[in-house]
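A closer look at the structure
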Amino acid sequence: MKVCVVGTGYVGLVAGTCFAEYGNDVICIDKDEKKIQDLEKGIIPIYEPGLSELVARNFAEGRLKFTTSLKDGVQASEFVFIAVGTPTSDNGSADLRFVFGVAEEVAKAMNGYKIIVDKSTVPVGTADQVKAIIAKHTTHPFDVVSNPEFLKEGAAIDDFMRPERVVIGADSAVAAKKMSELYSPFVLNGNPILTMGIRSAELTKYACNAFLATKISFVNEIANLCDAVGANFEDVRKGMGTDSRIGRQFLYAGIGYGGSCFPKDVRALLRTAEEYKSSMHIIQSVEDVNEKQKTRLTDKIFEHYKTTDMKGKTFGIWGLSFKPGTDDMREAPSIPLIFELHKNGAKIQVFDPAAKETSKYYFDGKVEYKNDPYSTLQGADAMLLLTEWREFREPDFGKIKSLLSSPLIFDGRNQYKPNQMKELGFNYYSIGNR
């Protein structure tokens, strides 16, 4: 099939590449000439395991092309995926300027029937607005479809090519059928393609992310209560997770969620509810709890030292990205933590396997970057673990102890066992475990 994807960010590049991998002819479009030139050279603008190899192979075999010409891409394709950014506006709503701008450009470029697909995460009612914009600028027939993405950073290739479900929001039987045909090779394992109304599809993405964010904030509050009452969150987590009604996923306590999806989507959902005068007290609490949780480890540091004055203190930090497997720093819990320690006079040494360059936007001048985790700890007063990268799970604790000026670890992701840390002679702080 002939597909074009407008936007070569995280969602657009993954979607376009995976469609090409399954034999479709795909054109990826971006206004950024340098990004397009880099992609043609195999230089990938994001960190996502396995993506660079797929891009290189499909580009070499001619199924995947890159261009700055939206007109060429649209006119050569039947499916036009809009996969541009929808950042948070000042009032918390999703900023749809890029989506609407692309819709107008697509309309002016059309040369026949097209299926316009909202792949970007957009609020309820966006497809109606996209439809109105396109109708204003073309006489060609078209359908607008909502096709939300459910990609996890660090596992996006597998998520796209082996989806648990595909959601298609369409009010046209023709468009729904063609979209199902496009996705049918991805669900040969029997997982469903769910066809529904457009507004239902738009809301499904927000509902999923808000629910997962709710689980995270809930268990963080339980972990904080464990700290207060002397319970062990790891035991509580196991007791909860073995209940089939609850499940084990997203029951890990820590220093809060971040990234490009959960924070933005929770806020956008709250804004939508406000616009429709529908109260969402639980979701508002999820947002409030998460923002407070990002300071949880900082509070433990101040409590340990019995002061907020960190002058003369050096901290070695492992992990900066909001989660392992990505270089994404958006809304990462490391940001407020490092800002707070820096503001209070601390010297900060950091290492992250992937996020060094992206983190410079936030931390340049505030931290000293190291090339490996152990050099980060040289002469530090304490180690802070902020991102649970795999290479941090089984470190050489003897080496860690020898490098630190005092055997002190603040674990924001509950990676280590408190009993083991005590036996090894560490003063160890985690979230809710003891």
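The structure reproduced in this document is the subject of the present report. (Residues numbered from 1 in each chain as written. Predicted model: local features only at pLDDT ≥ 70, side-chain atom pairs only at ≥ 80, totals over all residues. Heavy atoms only, no water.)

Some thoughts on the overall build of the chain
- Helix and strand content of the chain: 18 helices and 14 strands.
- The globule rule puts the C-alpha radius of gyration for 434 residues at 22 Å, and the 24 Å found for the chain is close to it.
- If one aligns the C-alpha atoms of the chain with their principal axes, the spans along those axes are about 70 × 45 × 40 Å.
- Looking at the chain alone, contacts between residues at least 24 apart form 74% of all its contacts between residues at least 6 apart.
- Charge centroids of the chain, computed over 54 positive and 57 negative side chains, lie 2 Å from each other. (Helix = DSSP H or I, 4+ residues; strand = E, 2+ residues; numbered from the N terminus. Rg over C-alpha atoms; globule rule 2.2 N^0.38 Å. Contact = heavy atoms within 4.5 Å. Lys, Arg positive; Asp, Glu negative; His and termini not counted. Charge placed at Lys NZ, Arg CZ, Asp CG, Glu CD.)

Brief notes about the layout of surface pockets
- Reported here for the second largest pocket is a volume of approximately 1200 Å³.
- In terms of lining, the second largest pocket is formed by 50 residues, of which the most central are Gly9, Tyr10, Val84, Gly85 and Arg330.
- Counting residues per element, the ones that place at least two in the lining of the second largest pocket are helix 1 (10–21), helix 5 (97–109), helix 11 (262–275) and helix 15 (356–363).
- Sort the elements by how many residues they give to the lining of the second largest pocket and helix 5 lands first, with five residues. (1 Å grid on protein atoms, 1.4 Å probe; cavity = no way out; pocket = protein on both sides within 12 Å on 5 of 7 lines; lining within 4 Å. Points joined across faces, edges and corners; volume = space filled by probe spheres on them.)

Here we look at the environment of Pro87
- Mapped onto the elements, Pro87 comes out in the loop between strand 4 (79–82) and helix 5.
- Taking the C-alpha atoms as reference, Pro87 lies 38 Å from Lys417; in sequence the two are 330 residues apart.
- With residues up to four places along the chain from it excluded, the contact list for Pro87 reads Ser93, Ala94, Asp95, Phe98 and Lys264.

Brief notes about the pairing of strand 2 (residues 25–29)
- The buried fraction of strand 2 amounts to four of the five residues, a majority that puts the element mostly inside the structure.
- Bridging between strand 1 (residues 2–6) and strand 2 involves five bridges; their strand directions are parallel. Bridging from a neighbouring strand, Val3 pairs with Val26 of strand 2.
- What joins strand 1 to strand 2 is helix 1, and the crossover it makes is right-handed. (Buried < 20%, exposed > 50% of the residue type's maximum accessible area, 1.4 Å probe, protein only. Pairing = 2+ DSSP bridges. Right-handed = clockwise from strand over helix to strand, strands pointing away.)

Brief notes about the sheet that holds strand 9 (residues 314–318)
- Reading across the sheet, the six strands line up as 11-10-9-12-13-14 and stay open at both edges, with parallel pairing between neighbours. Only two strands of the sheet have a single neighbouring strand rather than two, namely strand 11 (368–369) and strand 14 (427–429).
- Contacts from helix 14 (residues 334–343) reach strand 9, strand 10 (347–351) and strand 12 (382–385), with the element oriented near 150 degrees to strand 10. (Axes fitted to C-alpha atoms, helices over the stretch in contact; angles between N-to-C directions.)

Side note on the pattern of salt bridges
- Under the defined criterion, the tally for this structure stands at 33 salt bridges.
- Measuring nitrogen to oxygen at the nearest pair gives 3.3 Å for the salt bridge that ties Lys264 to Asp265.
- Given a relative accessible area of 0%, Asp265 falls into the buried group.
- Salt bridges sharing partners connect three or more residues here, namely Arg267, Glu287, Glu291, Lys294 and Glu331. (Salt bridge = Lys/Arg side-chain N within 4 Å of Asp/Glu carboxyl O.)

Some remarks on the side chain of Lys264
- The topology assignment puts Lys264 in helix 11.
- If we skip the residues at most four places from it in the chain, Lys264 touches Thr86, Pro87, Thr88 and Thr121.

Quick notes on empty space enclosed by the protein
- Across all of its chains, the model carries one cavity of 30 Å³ or more by this definition.
- Within this model, the largest cavity holds a volume of roughly 40 Å³.
- Lining the largest cavity are Asp118, Ser120, Thr121, Val122, Ser146, Pro148, Glu202 and Lys205.
- The residue inventory of the lining of the largest cavity, partitioned by class, reads two nonpolar, three polar and three charged. (Nonpolar A, V, L, I, M, F, W, Y, C, P; charged D, E, K, R; others polar.)

Quick word on the nonpolar core
- Among the nonpolar cores identified, the biggest contains 41 residues, and Phe19, Phe81, Phe160 and Met179 are the most heavily contacted of them.
- Beyond its immediate chain neighbours, meaning those up to four positions away, Met179 contacts Phe79, Phe81, Ile115, Val117, Val145, Asn147 and Ile168.
- If you look at the next biggest cluster of nonpolar residues, it comprises 39 residues, including Ala103, Ala109, Ala127 and Tyr206. (Core = buried A, V, L, I, M, F, W, Y, C linked by side-chain atoms within 4.5 Å.)

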